Amino acid sequence: MKNIILTGLMGSGKSSLGKAAAKATGMAFVDMDAFIERGAGMSVSELFEKFGEERFRDMETKTCYMLAQKQGQVIATGGGVILNEENITALSRSGIIIFVDRPLEKILADVDIASRPLLKEGADKLKKIYNERIDRYQTSAQIILENSCSEEETLSKLVNIIQSERRKEPKFAVIGDPISHSLSPEIHLPILGQYFDNPSYEKIQIKKGELLYWVRKVRDEGIDGFNLTMPHKVDIIPFLDQIDDEARLAGSVNTVVNGGGKLYGYTTDGQGFFASLLDAGVECKGANILILGAGGAASALTIRAVLDGAKSITILSRRLEQAETLKEYVTKRIPNAEILAGKMDTAATSRFSERSDIVINATPIGMEGVQATWNDLQFLKKIPKTAVVCDLIYKPKKTKLIEEAEHLGLKTKNGLDMLIYQAIIADEYYIGTPVDRVAMFELAKKNLCKETQL
Ligand code: NAP
């Protein structure tokens, strides 16, 4: 998000409005005079007295350049910043300049003349400064914000301006390695396009170990949000300012929102999967769930299933210790979770299939380009006819598992709907409000099918 730069005469309300608007919109706030004071270790009055105005103006110009290198900030400038064309050029490259236009008589009624170094000569001096600068304030700003009504009304106008600026050309990305195969842009762009003007969504290859460079880039370039795929979902966590409860429980993040330089992490894999099931009329609450595989996807699904009130979750993996570790990980964090762990062999798969309402393949068996095949699909015959068989794989559309399950008259679901729903939920975090998930699903799926062979 571009910077929002507030200009105006001293006492026009730039600092209080800027601070409140930044808080309301999740942006960072910078008071330019306070920034200079912190750097110099003395007040603006002291700077004027000790070094004179010229030196102060130099420092102001340097500060303009410095602040213009970052994005996502509401900047309350000093009253004289517009005096130097160089300042305006630097600041306007980084964002929108808004002139906070407060009538002189209101400023005179509010301002503490004694604390302003330029007003030593009294109120007449302020009138003189106003007349000298008013033209410059007006011509250097893209937007003029009248501040003659109550502070709440002006603040609400400013917040609306920021919200509408935020809808313009936001930048999103998906990072991973490899990344070229990712379908994320085809899914996210049609959805984001409904809520933003001209959004971008790039695929960016970021290798393991490059996250520090990446998060710096996100903050400096004002990238509004990003999704993560292998190998970053766990490694990103120490770089974030906050993660939500589900991401903390799962120990994994697939969506990051940049709120004014603060990075907020979420996981939407588990929610996406169960949203796709709900779409097919299948409830997680009260269900007995069998998960084959105990990797990242199985972990996200297990956490969400527990949060959504599943009756029991059985995790089977080819290496028994992996299922046991996952069970231990979840029950340590959610002690009342009903979880069983076992080895994924013919006997166990058949036995647990008998009492399952939802059976999920969370292994890559059957995926395009993967050699592994099912040794035995006899367990499908044990699954109750009311149950649903899910494969997280979406390439090919119909895996052997799904084909066989359909053949036996069972309800099925491949991984494509989960892929789309987890993206819709990520977009809800970007947009900041819930969306019409059914409509967005249709839109994204249509685009995905048009752009790819899925
Ligand atoms: P992962 O972390 O690598 O876990 C894979 C799990 O499958 C591990 O338990 C692994 O055991 C097991 N496994 C691998 N090969 C196996 C085989 N031949 N026989 C039995 N078990 C085997 O991967 P993941 O991220 O959880 O992904 C799992 C699957 O879900 C993949 O197919 C992925 O594409 C799919 N997925 C889909 C979506 C979606 O949106 N639709 C999202 C995420 C994942 P070992 O550790 O012993 O190898």
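Residues numbered from 1 in each chain as written. Predicted model: local features only at pLDDT ≥ 70, side-chain atom pairs only at ≥ 80, totals over all residues. Heavy atoms only, no water.

Draft legend 1. Seen up close, helix α7 (residues 151–166). Its 16 residues place the ends of α7 22 Å apart at the C-alpha level, agreeing with the 22 Å of an ideal helix rising 1.5 Å per residue. Thr154, Leu158, Val159, Ile161, Ile162 and Glu165 are the residues of α7 that are buried. Projection of α7 onto a plane perpendicular to its axis shows the buried side chains occupying an angular sector of 160°, all on one side. Each element contacted by the buried residues of α7 is listed here: β1 (3–7), α1 (14–25), β3 (73–76), β4 (95–101) and β5 (143–146). (Helix = DSSP H or I, 4+ residues; strand = E, 2+ residues; numbered from the N terminus. Expected span 1.5 Å × (residues − 1). Buried < 20%, exposed > 50% of the residue type's maximum accessible area, 1.4 Å probe, protein only. Arc of directions from axis to C-beta. Contact = heavy atoms within 4.5 Å.)

Draft legend 2. Summary view of the sheet that holds β3. A sheet is described by the order of its strands in space; here five strands give the open sequence β2-β3-β1-β4-β5, paired in parallel fashion. Every other strand in the sheet has two partners, leaving β2 (28–31) and β5 as the edge strands with one partner each. Taking the axes of each pair of neighbouring strands and ignoring which way they run, one obtains an average angle of 25° across the sheet. Pairing analysis gives four bridges linking β2 to β3, with the strands arranged parallel. Within β3, the position partnered with aspartate 31 by the bridge is alanine 76. Against the sheet, α7 makes contact with β1, β3, β4 and β5, and its axis sits at roughly 155° relative to β5, the strand it touches most. (Pairing = 2+ DSSP bridges. Axes fitted to C-alpha atoms, helices over the stretch in contact; angles between N-to-C directions.)

Draft legend 3. Layout of the site of the ligand. Not every one of the 21 residues close to the ligand is listed here, only the nearest: Gly296, Ala297, Arg318, Arg319 and Gln322. One of the backbone nitrogen or oxygen atoms of glycine 296 is found 2.9 Å away from an oxygen atom of the ligand. Glutamine 322 is positioned with one of its side-chain polar atoms (N or O) 2.7 Å from an oxygen atom of the ligand. In the complex, the protein chains occlude 73% of the 920 Å² of accessible area that the ligand would expose alone. Only α12 (296–307) and α16 (416–431) provide two or more residues apiece to the shell around the ligand. Looking at side-chain class alone, the shell around the ligand contains 13 nonpolar, six polar and two charged residues. (Near = heavy atom within 4 Å. Polar contact = N/O pair within 3.5 Å; in protein donor to acceptor, adjacent residues only side chain to side chain. Areas by Shrake-Rupley, 256 points an atom, 1.4 Å probe, with all protein chains shown as cover. Nonpolar A, V, L, I, M, F, W, Y, C, P; charged D, E, K, R; others polar.)

Draft legend 4. Inspection of the pattern of salt bridges at higher detail. All told, the structure shown has 18 salt bridges when counted by the stated rule. Measuring nitrogen to oxygen at the nearest pair gives 3.3 Å for the salt bridge that ties glutamate 221 to lysine 217. Here glutamate 221 pairs with lysine 217, and both are found in helix α9 (residues 211–221), just four residues apart, close to one helical turn. Residue class for glutamate 221 comes out partly exposed when judged on its relative accessible area of 35%. Under the relative-accessibility criterion, lysine 217 is labelled partly exposed at 23%. Here lysine 445 and aspartate 417 are joined by a salt bridge, their closest N and O atoms 3.3 Å apart. Of the two residues, lysine 445 is situated in helix α17 (residues 437–451) and aspartate 417 in helix α16; the sequence distance between them amounts to 28 residues. Classification of aspartate 417 as buried rests on a relative accessible area of 9%. (Salt bridge = Lys/Arg side-chain N within 4 Å of Asp/Glu carboxyl O.)

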